[in-house]
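For reference, the chains in residue letters:
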Amino acid sequence: MSVSSSEIEVLGTPGTDATRASLVGASLRKADMSGAMMRWANLSGADLSEANLRKADISGAVLTGADLHLAVCIRADLRWANLIEANLGSANLTRADMTGSILTCADLRKANLTRAKLGKADLATPPPAEDADSTADAADAKVTDLSEAMLTRAEMTGANLSYSLLARANLTRTVLTEANLTHARLAGIVASRAILNG
């Protein structure tokens with residue numbers, strides 16, 4: 001289902017049904033889409049910054065390169081969503097269900113993921129190439145960035161965090177059972193009472 005620009009304004013209302021909609025590059029900044037149904041929608045490159053997505057169902061949606069900076073996604077359903085290179089900086093994802101989501105190279109700096117479900121989510125950064133010039137490529141390399149993210153009591157069983165940046169993240173009481181933390185950068189994290197093994 002493709003959505004025209006005139007229909008995009010209607011999407012900015014609570015409870016909207018945009019299941020399987022094509023919203024590539026749509027401008028939905030500050031839209032109130034609380035409770036919206038956007039299952040399997042294509043929101044690649046869409047501007048959802050500061051949008052209200054509280055309790056929205058965005059499961060299985062494609063959000064590659066989407067801008068969700070400062071979005072409110074409290075209790076949103078983002079299971080199995082593709083969020084590769086999405087900007088989720090400072091987004092409120094409290095109690096969001098992101099089980100199995102792909103967040104490779106996503107920006108989650110200062111995001112609030114308190115009590116979020118990230119079981120089996122892919123938050124990995126691709127490993128550096130063995131033959132790459134480490135200093136020249138380091139500045140251009142994209143990473144999954146969880147710097148200063150609030151992950152208090154998040155459920156991250158089986159999540160892949162390899163090569164990711166978690167500097168100064170709060171992992172208090174976070175469940176990381178069977179999570180892959182290989183080469184993850186953990187400088188300055190707070191991990192009081194975090195559960196690393198079952």
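Look a little higher up for the structure.
For every chain, the first residue of the written sequence is number 1, and numbering continues from 1 along that sequence. Reporting of local features is limited, given that this is a predicted model, to residues whose pLDDT is at least 70; pairs of side-chain atoms are given and counted only at 80 or more, and all residues count toward the totals for whole chains, interfaces and linings. To obtain the side-chain values, all non-hydrogen atoms of the structure were included, while hydrogens and water were left out.

Chemist: When you look at unusual backbone geometry in this model, what are you seeing that I'm missing?
Modeler: Peptide bonds are, in most cases, trans, and in most cases residues other than glycine have a negative phi. A positive phi is found at Arg75, a non-glycine position, where the angle reads about 60°. A run of DSSP states H or I qualifies as a helix once it reaches four residues; a run of E qualifies as a strand once it reaches two. Both are numbered from the N-terminal end. For Arg75, the position within the fold is in the loop between helix H1 (5-11) and helix H2 (134-140). What makes Arg75 partly exposed here is its relative accessible area of 46%. Of note in this structure, Glu148 is not a glycine but carries a positive phi near 60°. Mapped onto the elements of the fold, Glu148 is located in the segment after H2. Relative accessible area decides the class of each residue, using a 1.4 Å probe on protein chains only: under 20% of the type maximum gives buried, over 50% gives exposed, and in between gives partly exposed.

Chemist: Honestly, the side chain of Thr174 in this entry has me stumped. Any pointers?
Modeler: Its location among the elements puts Thr174 in the segment after H2. Its relative accessible area of 0% is what places Thr174 among the buried residues.

Chemist: Just checking my understanding: could you explain the pattern of salt bridges for this structure?
Modeler: Think of it this way: side chains of opposite charge can pair up when their charged atoms draw near. Here, a salt bridge means any Lys or Arg side-chain nitrogen found within 4 Å of an Asp or Glu carboxyl oxygen. One pass over the full model with this rule turns up nine salt bridges. Arg39 is paired through a salt bridge with Asp57; the nearest N and O atoms lie 2.5 Å apart. In this pair, Arg39 is assigned in the loop between H1 and H2 and Asp57 in the loop between H1 and H2, connecting sequence segments 18 residues apart. What makes Asp57 buried here is its relative accessible area of 9%. Two residues, Arg79 and Asp97, come together in a salt bridge whose shortest N-O distance is 3.9 Å. Separated by 18 residues along the polypeptide, Arg79 in the loop between H1 and H2 and Asp97 in the loop between H1 and H2 bring together distant segments of the chain. Exposure remark for Arg79: the relative accessible area of 31% places this residue in the partly exposed category. On the accessibility criterion, Asp97 (18% relative accessible area) is buried.

Chemist: I would appreciate a short explanation of the nonpolar core in the present structure.
Modeler: Note on soluble globular proteins: their nonpolar side chains tend to be buried together. We define a nonpolar core as any set of buried Ala, Val, Leu, Ile, Met, Phe, Trp, Tyr and Cys residues linked to one another through side-chain atoms lying within 4.5 Å. Counting 55 residues, the largest nonpolar core has Met38, Leu63, Leu68, Leu93, Leu108, Leu113 and Leu151 as its most contacted members. Any pair of residues with heavy atoms lying within 4.5 Å of one another is described as a contacting pair. With residues near it in sequence (within four places) discarded, Leu63 still touches Leu43, Ser44, Leu48, Ile58, Leu68, Leu78, Ala81, Asn82, Leu83, Ile84 and Ala86.

Chemist: What am I meant to see in the environment of Ala187 here?
Modeler: Looking at where Ala187 falls in the secondary structure, it is placed in the segment after H2. Accessibility expressed as a relative area gives 55% for Ala187, which makes it exposed. For the pair Ala187 and Ala169, spaced 18 residues apart in sequence, the C-alpha separation works out to 8.7 Å.

Chemist: So what exactly am I meant to see when it comes to the environment of Val62 here?
Modeler: Considering the arrangement of structural elements, one finds Val62 in the loop between H1 and H2. Expressed as a C-alpha distance, the spacing of Val62 and Ala41, which sit 21 residues apart in the sequence, is 6.4 Å. Excluding its chain neighbours within four sequence positions, the residues that come into contact with Val62 are Ala41, Asn42, Leu43, Ser44 and Asn82.

Chemist: Explanation requested: the environment of Ala56 in the structure shown.
Modeler: Relative to the elements of secondary structure, Ala56 occurs in the loop between H1 and H2. Since its relative accessible area comes to 1%, Ala56 is described here as buried. Note: C-alpha distance between Ala56 and Asp17 (39 residues apart in sequence) is 10.0 Å. Contact partners of Ala56, with chain neighbours within four places excluded, come to Met33, Gly35, Ala36, Met38, Ala76 and Asp77.

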